Amino acid sequence: MYLPLIFLLLQTCIFHSRLPLKTAMAKVQQRTRVPSGSDTVVLESNGHHKDDKVANGASTPKPGQWGRAWEVNLFTGVGVLILLTTTPLMVLYFYIACDKYQCALSTPVLELYRGQATLYDLWMKAPAMTAKAWKIGAIWLTWQIFLAVGLPDIFHKIIPSYTGGICKGARTPAGLVNEYNINGLQAWALTHIIFFANAFYFHWFSPTIIFDNFGGLLWVANAVGYTVSIFAFVKAFHFPTCAEDRKFSNNVFYDFLMGIEFNPRIGKWFDFKLFFNGRPGIVAWTLINLSAAFKQYELYGYVTNSMILVNVLQAMYVVDYFWNEHWYLHTIDICHDHFGWYLGWGDCVWLPWMYTLQGQYLVYNPTDLTTVHCLAMWTLGLGGYLLFRSVNGQKDYFRRTDGNGLIWGKKPEYLQCSYISSDGKQHQSKLLLSGWWGVARHFNYTADLMGCTAYCMSCGFNHLYPYFYLVFMMILLTHRCFRDEERCRAKYGQQWDKYESLVPYRYIPGVF
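Everything numeric here is computed off the predicted structure, so don't read it as measured data.

Caption draft 1: Just a nonpolar patch on the surface, in detail. A grouping of Tyr-297, Val-303, Ile-308, Val-312 and Trp-378 is seen on the molecular surface, where their side chains present a nonpolar patch of about 420 Å² in accessible area. Note that Val-312 resides in helix α14 (residues 305-323).

In structure tokens:
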């Protein structure tokens, strides 16, 4: 029961630990990025923008001295190996616990402890590799690649206020600004339309096809995740998309885990980070939940209100992601992280299997919520989503208007900063101090955790299984919080310290 928490804490230590940078290494393959979303700003009392820029002196961070580590210590190196070898087994353990033990996480461990089973017995409960799963996986991946690269977006032409088509991303460490084909909403909609059409009209397959083959698909997803990660690793050495946007450490396993290339691409439009971050995993998220709901109906003759609630709440998040896909080009995943196993395998395996724990759980443990419980979770989940959208919407509006619009009816305050990309050019950033971003530095994470809590509590309180997602997200977001602030401190120097003094809390004012 406590083993997953140990893995998560280990993961946090690995991604957060680093040693000081070598000056010689800092001159090669340097990296920087436009802030992902915590950009802020301060107005003088006379109403003019305060032009507090990082001076070209001791307080100015050198180009490339932020982002993932250049050097890793022995503990981190050992931890990376443990993470690479044990995390896939952890996902498999969760699947076995749910499929064979009614989602009781502690039962397999207790059987081993009491001598009622061996590791071999547990391994024999693993799902079988099937030809059908490989066929489904191949069709799915091919279809998503076609939708991402081969189909121009038309939704932005017919849907008012939706932004799609060719959009520019954030500035890369080498000073480049890449273009992206934003068509995720279109891909999500077409995929779901075809799924329902096939399932209910053409009857080529059952709507439970995903859940029925979920075990076999786990092997396929692992194969794809490792293949993509290895390919990206080799590509970084032999044919990088942009050699100046690479970053190496003194540990080959760390480089494999965290990635070397910043924006690996094949051709002009197939961007590894954008594709695997949003597709195929997030498109599949809602289909997995729907397949679980259909399976519940097949087994029990009805769908519980808890299953409906989980489907609706998580679908809101997924659709929001694709509606605002252009905005996500400026988040930490796209404009900060390099592409390695962490994103390649994580988006192929961890996201589809570990983010859908609630739907899986409710198939084996149908839960009927009381009206009060159901309404409370709906209120919490919807409130978290609306807050999440409001917080991120303010940041996006601030960026689009370059700080000239109104937030909460007032001209926004911000802190003007500068940073230097590896091509030696200086760029400007504004750190927002108004609206939600003046309340806390990561209030969007607070809203995110409200939604996560609603997902988990919609499953009742009989098992810990569905609550692992909440524990994981708390650790993940807290780690991202510290990682992003460490990057910003290295990037902006003393100006970031000043920003933290102006917005002292991270999540909840007066608490954290």
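Caption draft 2: Structural detail: the side chain of Glu-485. Locating Glu-485 in the fold gives a position in helix α21 (residues 468-492). At 3.0 Å, the side chain of Glu-485 forms a polar contact with the side chain of Arg-506. Excluding residues within four positions of it along the chain, Glu-485 makes contact with Arg-441, His-442, Trp-496, Glu-500 and Arg-506.

Caption draft 3: Structural view of the nonpolar core. Counting 122 residues, the largest nonpolar core has Phe-94, Trp-350, Tyr-355 and Met-473 as its most contacted members. Of all the elements, helix α3 (residues 74-101) adds the most residues to this core, at 13 residues. Counting 10 residues, the second largest nonpolar core, distinct from the first, contains Tyr-419, Tyr-492, Trp-496 and Tyr-499.

Caption draft 4: Just helix α8 (residues 184-202), in detail. Taking 1.5 Å of rise per residue, the 19 residues of α8 would be expected to cover 27 Å, and the 25 Å separating its terminal C-alpha atoms lies within 8% of that figure. Listed in full, the buried residues belonging to α8 are Gly-184, Leu-185, Gln-186, Ala-187, Trp-188, Ala-189, Thr-191, His-192, Phe-195, Asn-198 and Ala-199. On its buried face, α8 sits against α6 (131-150), α7 (155-158), β2 (177-182), α9 (209-212), α13 (281-300) and α14. Two residues or fewer past α8, His-203 is found with a positive phi of approximately 60°.

Caption draft 5: The pattern of salt bridges, seen in detail. Evaluation of the coordinates by the stated rule reveals 17 salt bridges. A salt bridge links Arg-441 to Glu-485; its shortest N-O distance comes to 2.8 Å. Of the two residues, Arg-441 sits in the loop between α19 (436-439) and α20 (443-457) while Glu-485 sits in helix α21, which places them 44 residues apart along the sequence. Assessed through its relative accessible area of 3%, Arg-441 is described here as buried. Where Arg-506 meets Glu-485, a salt bridge forms, and the shortest distance between an N and an O atom there is 3.0 Å. A residue pair is termed long-range when its members are at least 10 positions apart, and Arg-506 in the segment after α22 (494-502) and Glu-485 in helix α21 qualify at 21 residues.

Each value, and the rule that gives it
Residues numbered from 1 in each chain as written. Predicted model: local features only at pLDDT ≥ 70, side-chain atom pairs only at ≥ 80, totals over all residues. Heavy atoms only, no water. Patch = residues over 30% accessible without salt bridge, like charges linked within 9 Å, V, L, I, M, F, W, Y side chains within 5 Å. Areas by Shrake-Rupley, 256 points an atom, 1.4 Å probe, with all protein chains shown as cover. Salt bridge = Lys/Arg side-chain N within 4 Å of Asp/Glu carboxyl O. Helix = DSSP H or I, 4+ residues; strand = E, 2+ residues; numbered from the N terminus. Polar contact = N/O pair within 3.5 Å; in protein donor to acceptor, adjacent residues only side chain to side chain. Contact = heavy atoms within 4.5 Å. Core = buried A, V, L, I, M, F, W, Y, C linked by side-chain atoms within 4.5 Å. Buried < 20%, exposed > 50% of the residue type's maximum accessible area, 1.4 Å probe, protein only. Expected span 1.5 Å × (residues − 1).

Just distances and angles here, no functional claims.
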